[in-house]
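One-letter residues, chain by chain:
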Amino acid sequence: MQKRTSNSLTLFSIIAIVSSFVLSCDVQPPLPYGPLPTPSQVAWQQMEMNMFCHFGPNTFSGNEWGDGTEAEDLFAPTQLDCHQWVAVAQQAGMKGIILTAKHHDGFCLWPNPCSQHTVAQSSWRNGKGDVLKELSNACHEGQLAFGIYISPWDRNDPTYGTPEYNQQFLATLSSAHDHYGPIFEQWFDGANGEGPNGKKQTYDWEKFNNLVLEKHPQALIFSDIGPGCRWVGNESGAAGRTCWSTLDIDGFTPGAGAPSTDTLNQGNRNGTHWIPAETDVSIRDGWFYRPSEHPKSLKTLLRIYYTSVGRNSLLLLNVPPDTRGLIPAEDSIRLVELRKALNDIFAQNLLLRGTFISEHARGRRFGTSHLTDQDYNTYYATREGQTNDLIEVSFTQPVTFNRVVLQEYIPLGQRIERFHIEILDNDGKWKTVATETTVGYKRIVILPTLTTNGIRIFIDQSRACPVLSEMGLYYDKYLTDSEVSNL
Ligand code: FUL
């Protein structure tokens with residue numbers, strides 16, 4: 001009897017040891033893969049939508065590019081109220097605002113001591129006005145992040161086109177970065193035209209970047225090639241349907257030396273650096289306010305949302321203040337409509353009504369329950385080395401949907417490179433309804449409206465075991481199927 005007990009105990013211990021070994025193998029988090037985002041890049045991507053404000057002499061002249069000869073007095077907003085800009089951004093659900101502190105015309109919206117072409121030389125508020133100060137304070141109060149666009153191209157500065165200009169530009173950067181922080185994003189325009197003396201400048205990008213990061217180590221630097229985030233390659237609001245957050249930058253520069261716009265649009269599958277795409281596009285035709293222009297329709301803005309945020313990119317939507325220094329009512333109304341539509345569309349994840357099974361879950365700790373828990377930091381994963389998978393969800397009552405949302409947990413890298421979606425047809429057969437490539441931080445697959453009792457997501461190819469934070473099925477009643485058929 002004694003012997004039998006000890007035998008069963010031994011057997012029990014062996015089983016316990018083996019199963020705890022198996023379980024512990026299963027419950028280790030997945031290993032990171034490839035280039036990884038910094039915590040600031042992850043936080044930036046989670047902002048999803050920010051507001052760009054083009055404001056300056058062009059607001060008053062109606063030009064898109066001033067030539068630098070504009071009189072300082074041209075800049076004369078009559079009712080500037082940056083709190084109103086912040087309120088509009090908040091209502092739209094945006095998380096930050098980036099202001100054109102200096103556009104190509106060289107005019108500085110703050111009293112930059114290294115320039116003679118600034119608000120201090122204008123009669124506006126007797127030369128005591130400072131838009132950077134007002135907006136950075138308003139953002140701070142409204143808990144929005146504050147960023148600055150400062151154009152290296154300067155059509156006013158007499159030193160432009162000489163090595164002296166780079167020193168001058170560094171001093172300008174210092175002035176803006178010393179007084180209005182924290183700065184979450186420095187936006188460097190790649191445009192590089194001629195200065196007042198007809199010369200072009202060779203920019204010292206390394207020094208420019210170093211200065212920004214010295215002053216604000218958390219800031220993301222935008223340029224055609226980062227290093228924080230990259231231009232998406234167009235100004236029409238569309239990231240690539242395939243969109244890697246990784247990019248090869250060795251041997252490239254911002255501007256004329258940048259990779260092709262197609263590459264910027266799609267990233268590089270084997271890219272050496274994590275440089276996610278930012279989609280900058282204007283709510284109106286131009287970047288600056290013009291009374292003859294009007295905001296895009298709600299449907300167009302929704303499509304832009306799908307082709308930017310829905311394609312692993314951040315949307316930087318330009319909303320230009322007018323000559324009063326206020327965002328016109330028609331733009332703010334449109335943004336409220338956009339927010340309401342997005343809230344409606346994504347209010348209800350229909351997957352919550354379903355029952356999940358998956359082929360290769362990495363144990364319960366990384367099981368399918370995390371896919372719908374609305375917590376980005378918990379995730380589903382397959383076992384190490386398992387680079388394809390099938391996640392099936394069945395419903396007792398049919399569901400009607402037209403959007404599928406997938407989110408990878410990007411702190412561990414971007415992995416998925418091919419997936420397809422099937423639904424259960426009326427005749428009980430599985431039918432493929434989408435075949436796509438990358439996922440990244442967020443991928444919204446646009447489908448015609450479908451009603452089904454089952455859906456399958458096949459991860460067909462992944463660079464390492466797939467790691468998915470969230471998954472959702474939604475119904476968008478704002479756009480008809482034909483209005484999104486080309487997305
Ligand atoms: C471009 C500029 O030339 C436009 O005026 C605008 O500022 C846009 C965001 O970037 O390169």
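Residues numbered from 1 in each chain as written. Predicted model: local features only at pLDDT ≥ 70, side-chain atom pairs only at ≥ 80, totals over all residues. Heavy atoms only, no water.

A. Inspection of the overall build of the chain at higher detail. Scanning the chain for helices and strands turns up 10 helices and 17 strands. Computed over the C-alpha atoms, the radius of gyration of the chain is 26 Å, within 12% of the 23 Å expected from 2.2 N^0.38 for a compact globule of 487 residues. Dimensions of the chain along its principal axes, counting C-alpha atoms only, are 100 × 50 × 40 Å. Burial analysis of the chain (487 residues in total) assigns 58% to the buried set. Across the chain, the fraction of contacts at a sequence separation of at least 24, relative to all contacts at a separation of at least 6, is 78%. Summed over its atoms, the accessible surface of the chain is roughly 20,100 Å², and 52% of this surface lies on carbon and sulfur atoms. Positive and negative side-chain charges in the chain, numbering 40 and 53 respectively, have mean positions lying 8 Å apart. (Helix = DSSP H or I, 4+ residues; strand = E, 2+ residues; numbered from the N terminus. Rg over C-alpha atoms; globule rule 2.2 N^0.38 Å. Buried < 20%, exposed > 50% of the residue type's maximum accessible area, 1.4 Å probe, protein only. Contact = heavy atoms within 4.5 Å. Areas by Shrake-Rupley, 256 points an atom, 1.4 Å probe, with all protein chains shown as cover. Lys, Arg positive; Asp, Glu negative; His and termini not counted. Charge placed at Lys NZ, Arg CZ, Asp CG, Glu CD.)

B. Quick peek at the site of the ligand. Taken together, Phe 52, His 54, Trp 65, His 103, His 104, Tyr 149, Trp 187, Asp 189, Glu 235, Asp 280 and Trp 287 make up the full set of residues adjacent to the ligand. Contact between the ligand and His 54: an oxygen atom at 2.7 Å from a side-chain N or O atom of the residue. Asp 189 is positioned with one of its side-chain polar atoms (N or O) 2.8 Å from an oxygen atom of the ligand. Computed on the free molecule, the ligand has an accessible area of 290 Å², of which 89% lies beneath the protein chains in the complex. (Near = heavy atom within 4 Å. Polar contact = N/O pair within 3.5 Å; in protein donor to acceptor, adjacent residues only side chain to side chain.)

C. Seen up close, the pairing of strand 15 (residues 430-436). Relative to strand 15, strand 14 (residues 416-424) is paired through six bridges, and the arrangement is antiparallel. When the sheet's bridge partners are listed, Phe 419 is paired in strand 15 with Glu 436. What sits between the antiparallel neighbours strand 14 and strand 15 is a turn of five residues, in which Gly 428 has the positive phi angle 80 degrees. (Pairing = 2+ DSSP bridges.)

D. Representation of the nonpolar core. Formed by 75 residues in total, the largest nonpolar core has its most connected members in Trp 85, Ile 97, Leu 99, Val 131 and Leu 132. For this core, the leading source of residues is helix 9 (residues 298-308), giving six residues. Beyond its immediate stretch of four places on either side in the chain, Val 131 contacts Phe 55, Phe 75, Leu 80, Cys 82, Trp 85, Leu 99, Leu 109 and Trp 124. If you look at the next biggest cluster of nonpolar residues, it comprises 27 residues, including Phe 356, Leu 371, Tyr 380 and Leu 468. (Core = buried A, V, L, I, M, F, W, Y, C linked by side-chain atoms within 4.5 Å.)

E. Highlighting the pattern of salt bridges. Within the structure shown, the criterion is met by 21 salt bridges. Glu 330 serves as the salt-bridge partner of Arg 284, at 3.3 Å between the closest nitrogen and oxygen. Taken as a pair, Arg 284 in the loop between strand 9 (277-282) and helix 9 and Glu 330 in helix 10 (residues 329-345) lie far apart in primary sequence, 46 residues in all. Connected through shared salt-bridge partners, Glu 64, Arg 290 and Glu 293 make up one network. (Salt bridge = Lys/Arg side-chain N within 4 Å of Asp/Glu carboxyl O.)

F. View of the packing of helix 9 against helix 10. Here helix 9 crosses helix 10 at 55 degrees, and the two axes come no closer than 10 Å. Judged by the angle between their axes, helix 9 and helix 10 are oblique. Considering the relative orientation of helix 9 and helix 10, their crossing is right-handed. Only Arg 334, Glu 337, Leu 338, Ala 341, Leu 342 and Ile 345 of helix 10 make contact with helix 9, whose side of the interface consists of Leu 298, Leu 301, Leu 302, Tyr 305 and Tyr 306. Among the residues making up the contact of helix 9 with helix 10, the classes are represented as nine nonpolar, no polar and two charged. (Axes fitted to C-alpha atoms, helices over the stretch in contact; angles between N-to-C directions. Parallel < 35°, antiparallel > 145°, perpendicular 65-115°, else oblique. Left-handed = near helix turned anticlockwise from the far one by under 90°. Nonpolar A, V, L, I, M, F, W, Y, C, P; charged D, E, K, R; others polar.)

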